[in-house]
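# Descriptive structure summary
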Amino acid sequence: RAKADGRNTYSFYSDSLTLQARQRLLLEQRLRNAIKQNHLTCYYQPQLDITSGRIIGAEVLLRWIDPVDGIISPDTFIPLAESSGLIHPIGLFVLQQACRQGQAWQIAGLSNINLAINVSAQQFNKGDLQHQTTRILQETGFNPACLELEVTENALMGDEEDVIKTMMELRAMGIKLAIDDFGTGYSSLAYLKRLPLDVLKIDRRFIENLPEAEDDQSIAKAIIDLAHNLRFKVLAEGVETAEQLAFLRQQSCDYYQGYFFSKPVPASEFAELLRKQRRLQQNPTD
Ligand code: C2E
Ligand code: MG
Ligand code: MG
Ligand code: MG
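Below is a summary of the structure that appears in this document.

What counts and what doesn't
Residues numbered from 1 in each chain as written. Chains lettered and ligands numbered in written order. Predicted model: local features only at pLDDT ≥ 70, side-chain atom pairs only at ≥ 80, totals over all residues. Heavy atoms only, no water. Helix = DSSP H or I, 4+ residues; strand = E, 2+ residues; numbered from the N terminus. Expected span 1.5 Å × (residues − 1). Contact = heavy atoms within 4.5 Å. Salt bridge = Lys/Arg side-chain N within 4 Å of Asp/Glu carboxyl O. Buried < 20%, exposed > 50% of the residue type's maximum accessible area, 1.4 Å probe, protein only. Near = heavy atom within 4 Å. Polar contact = N/O pair within 3.5 Å; in protein donor to acceptor, adjacent residues only side chain to side chain. Areas by Shrake-Rupley, 256 points an atom, 1.4 Å probe, with all protein chains shown as cover. Nonpolar A, V, L, I, M, F, W, Y, C, P; charged D, E, K, R; others polar. Donors = N, O, S within 2.8 Å, 3.2 Å for Na, K, Ca; no water.

### Let's talk about helix 10 (residues 267–282)
Across its 16 residues, helix 10 extends 23 Å between first and last C-alpha, which sits within 8% of the 22 Å expected from 1.5 Å per residue. Tucked into the core, helix 10 has its buried residues touching strand 1 (40–49), strand 2 (55–66), helix 3 (87–107) and strand 10 (265–266).

This is the structure:
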């Protein structure tokens, strides 16, 4: 009886693993197809200067638009892309599409738009990011000074000297570097101090309960001061309310992005936001 139970439990368990593995394989196959069929596309979320309220650029956020299922979140497919190696072609695709788009905006007179692109740990640590980026910048003509690469703390956990070398090479090309989701990883302050960074992005979870939560107030203030003392700019992610924005402005945070101003939008909508800003600048009474 006990033995039978054991066997049942075992077979139940292994069946469910098989199902999970099968689902994973299926999703991976669908993702390969999506790449081939051009179902991946970049969305753009405005990033603003907190003092002037001007759009200074956008974070590039990948979307998988399936003809049947609609929009599939990157939280579903980026981890799969990372474990299957598909992140390499996907990462190049994002870099290429975004730089091409950025250059088209530049030519259309929507100038000096900064594009911040997410780079996975695997891409960052593969050793050819500098060369691939150089090639794409040359092919597209996009200004490296308008390109920012976002990496998370865990991407920087490899060999310290290798990490710093990669970062220095990217910066020597004129590219800016941001640390994403700051405060959720394990990087020490001693290490942070050595990193050639331009921007520190405060993770959304420290913003969401502002301004009420006192612990989050202290954390946000501490991160902003830390960033400024290290001569980095600081951007708050996930700003959803006027009160959060007011608090961050008071604390001298430099930039923000979040649903309060805009969700990530397709390229055409982002261009429309830029045109609207330009019209307002030219005719402030409109
Ligand atoms: P992330 O880089 O930290 O991006 C910020 C996420 O917060 C985005 O989710 C964005 O849509 C969301 N967000 C922005 N403002 C708000 C807000 O006010 N409230 C709330 N609740 N959420 C907000 P998204 O687009 O679903 O992307 C999730 C993650 O997927 C990204 O986190 C990033 O880690 C990854 N990802 C997205 N695109 C790419 C890509 O092209 N390459 C790589 N390697 N990763 C990507
Ligand atoms: Mg990001
Ligand atoms: Mg983030
Ligand atoms: Mg994130």
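### Some words on the pattern of salt bridges
One pass over the structure, following the stated rule, counts 16 salt bridges. A salt bridge links Arg30 to Asp66, with the shortest nitrogen-to-oxygen separation between them at 3.3 Å. Of this pair, Arg30 sits in helix 1 (residues 2–36) while Asp66 sits in strand 2; the two residues are 36 residues apart in sequence, bridging distant segments of the chain. Looking at Arg30, the relative accessible area reads 29%, which means it is partly exposed. The salt bridge partner of Arg135 is Glu139, with a shortest N-O separation of 3.1 Å. Taken together, the positions of Arg135 and Glu139, both in helix 5 (residues 129–140) and four residues apart, correspond to about one turn of that helix. Judged by its relative accessible area of 33%, Arg135 falls in the partly exposed class. A single network of salt bridges, built from pairs that share partners, joins Glu59, Glu150, Lys201 and Glu237.

### Some details on the site of ligand 1
Close to ligand 1 lie 23 residues, the nearest being Arg63, Asn118, Ser120, Glu240 and Tyr259. Glu237 is positioned with one of its side-chain polar atoms (N or O) 3.4 Å from an oxygen atom of ligand 1. Here ligand 1, which alone exposes 800 Å², has 86% of that area covered by the protein. Where the shell around ligand 1 is concerned, the elements lending two or more residues are strand 2, helix 2 (74–84), helix 3 and strand 6 (176–182). For the shell around ligand 1, the class distribution of residues is nine nonpolar, five polar and nine charged.

### Thoughts on the coordination of the magnesium ion (ligand 2)
Taken together, Glu59 (OE), Asn118 (OD1), Glu150 (OE) and Asp180 (OD) make up the full set of protein donors to the magnesium ion (ligand 2), lying 2.0 to 2.2 Å away. Sequence spacing of the donors to the magnesium ion (ligand 2): E-x58-N-x31-E-x29-D. In this structure, the magnesium ion (ligand 2) is positioned 3.9 Å from the magnesium ion (ligand 3), and both are ligated by Asp180. Note that Glu59 is positioned in strand 2 and Asp180 in strand 6, a separation of 121 residues in sequence. Take Glu59 and Asp180: they sit in the same class, and that class is buried.

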